[in-house]
Amino acid sequence: MGYDAAIIGGGPAGLTAAIYLARYRRKVVVFDRGGSRAAMIPTSHNHAGYPDGIHGEDLLAAMRQQALQFGAELRGGDVLSITAAGKAWHLTGDSIDLTARTVLFATGTVNRYPDIPRAVHDAALAAGKLRYCPVCDAFEATDQRIAVIGAESHGVAEALFLRNYSDKLTLYTLIECELHEKDRADLAKAGVEWDPRPVASYDFSGKGVRLGFADGSHAEADTLYPALGSDPNDSLIKQLGLRTSADDTILTDSHQRLGLDGLYAAGDIVSGLDQISVAMGQAAVAATTLHNDLRAREGRTPE
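Bear in mind that the values here come from a model prediction, so they are computed numbers and not experimental data.

**Examining the pairing of strand E11 (residues 209-213)**
Counting buried positions over the five residues of E11 gives four, a clear majority of the element. Remark: five residues form the turn of the hairpin made by strand E10 (residues 193-203) and E11, two consecutive strands paired antiparallel. Pairing analysis gives four bridges linking E11 to strand E12 (residues 218-221), with the strands arranged antiparallel. The residue bridging arginine 210 from the neighbouring strand is glutamate 220, located in E12.

Below you can see the structure in the form of structure tokens.
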């Protein structure tokens, strides 16, 4: 027997959709290959309902338990191909070969990392010396010495956003470059320093981070924000020829539908603000739309 819905991605969006669909009494399966950015969060302090904060993996574990409790099926593995199968969709991949009437993409995106060994990177992240989401955790960096790496427009914008939290802020770069005159003016007006020397090394062994340069000099900061952008997990999206935005995130209608019948999307793969609360809201809309669209197919809605 086929599934009513297959959800690709086991982060906050995919698991929220699974909870809703299971409670709508739909036969739903979630495929999770791992790697959700939510799992990297040491402690989230802006997720409503957790005044003392919650670890990203703890949140995901609770959501998995809730989805299972209501009857969703959770499976590992990577979906590698989706093809139309009449009014359904055929999914294949790592030990995956099944048909679902609908598919919801919650594949998320991947941060671009500086050249830091993974063990060092993860330890610095857990200690708050390395951060990726100013919207999430800039409050925790209030009045600290903040370093931002990324001299393109994304880095400038992130530095200006962070200026609201500290007046000890410097923008750095990974490559030799010249900032646009307007960017330099905006940084100067906000009181953000600009150091054009490319960063060559990172040392997190002290209380903060020590940035090294090719000439042997160093700069100190309490925390580091890489503003290097992210890459969407969009291989399946491209296979299907679906519409994407300028940053390759996927475009949906106001009910999270895609351009092909039976396909939906939610979470960071969708163009918009990358926040857990946004992903969960989109997932609730997507799951409800999906359920009602199936009801219409089944002749269970008013004509």
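From this point, the narrative continues.
**Quick notes on the environment of leucine 228**
The residue leucine 228 is located in the loop between strand E13 (223-226) and strand E14 (230-232) in this model. The exposure class assigned to leucine 228 is buried, which follows from its relative accessible area of 18%. Dropping the residues within four chain positions of it, leucine 228 is found in contact with Arg112, Tyr113, Pro114, Ile149, Gly150, His154 and Leu174.

**Some details on the sheet that holds E10**
Strand order in the open sheet formed by six strands is E12-E11-E10-E9-E8-E13, and the pairing between neighbours is mixed. At either margin of the open sheet sits one strand with a lone partner, and together these are E12 and E13. Neighbouring strand axes in the sheet, compared pairwise and without regard to direction, differ in orientation by 45 degrees on average. Where strand E9 (residues 169-173) and E10 come together, three bridges link them in parallel fashion. Bridge pairing links threonine 170 to glutamate 193 in E10.

**Here we look at unusual backbone geometry**
We note that arginine 25 has phi near 65 degrees; this positive angle belongs to a residue other than glycine. Take arginine 25: it is sitting in the loop between helix H1 (12-23) and strand E2 (28-32). Its identity as a non-glycine residue notwithstanding, aspartate 143 has a phi of 65 degrees, on the positive side. Among the structural elements, aspartate 143 can be located in the loop between helix H4 (134-137) and strand E8 (146-149).

**Quick word on the packing of H1 against helix H2 (residues 56-69)**
At a minimum axis separation of 9 Å, H1 and H2 run at an interaxial angle of 25 degrees. Here H1 is positioned roughly parallel relative to H2, judged by the angle of their axes. With respect to the hand of their crossing, H1 and H2 are arranged in left-handed fashion. Along its contact with H1, which presents Pro12, Leu15, Thr16, Ala18 and Ile19, the element H2 presents Leu60, Met63, Arg64, Gln66 and Ala67. Class assignment of the residues belonging to the contact of H1 with H2 gives a composition of seven nonpolar, two polar and one charged.

Conventions adopted
- Here, residues in each chain are numbered from 1, in the same order as that chain's written sequence.
- Local features in this predicted model are restricted to residues of pLDDT 70 or higher, and side-chain atom pairs are both shown and tallied only at a pLDDT of 80 or more, whereas totals for entire chains, interfaces and linings draw on every residue.
- No hydrogens and no water enter the side-chain calculation; it runs on all heavy atoms of the structure.
- Exposed residues in this analysis have more than 50% of their type's maximum accessible area, buried residues have under 20%, and partly exposed residues fall in between, with area computed by a 1.4 Å probe over protein chains only.
- Here a helix means four or more residues in a row that DSSP labels H or I, a strand means two or more in a row labelled E, and each is numbered from the N terminus.
- When DSSP finds two or more bridges between a pair of strands, those strands are recorded as paired.
- In this description, contact between two residues means that some pair of their heavy atoms is separated by no more than 4.5 Å.
- Comment: axis = line fitted to C-alpha atoms, over the contacting stretch for helices; angle = value between 0 and 180 degrees taken between N-to-C directions.
- Angles below 35 degrees are treated as roughly parallel, those above 145 as roughly antiparallel, those between 65 and 115 as roughly perpendicular, and all remaining angles as oblique.
- In a left-handed crossing the near helix is turned counterclockwise from the far helix by less than a right angle, and in a right-handed crossing that turn is clockwise.
- Amino acids are sorted into nonpolar (Ala, Val, Leu, Ile, Met, Phe, Trp, Tyr, Cys and Pro), charged (Asp, Glu, Lys and Arg) and polar (every other residue, Gly among them).

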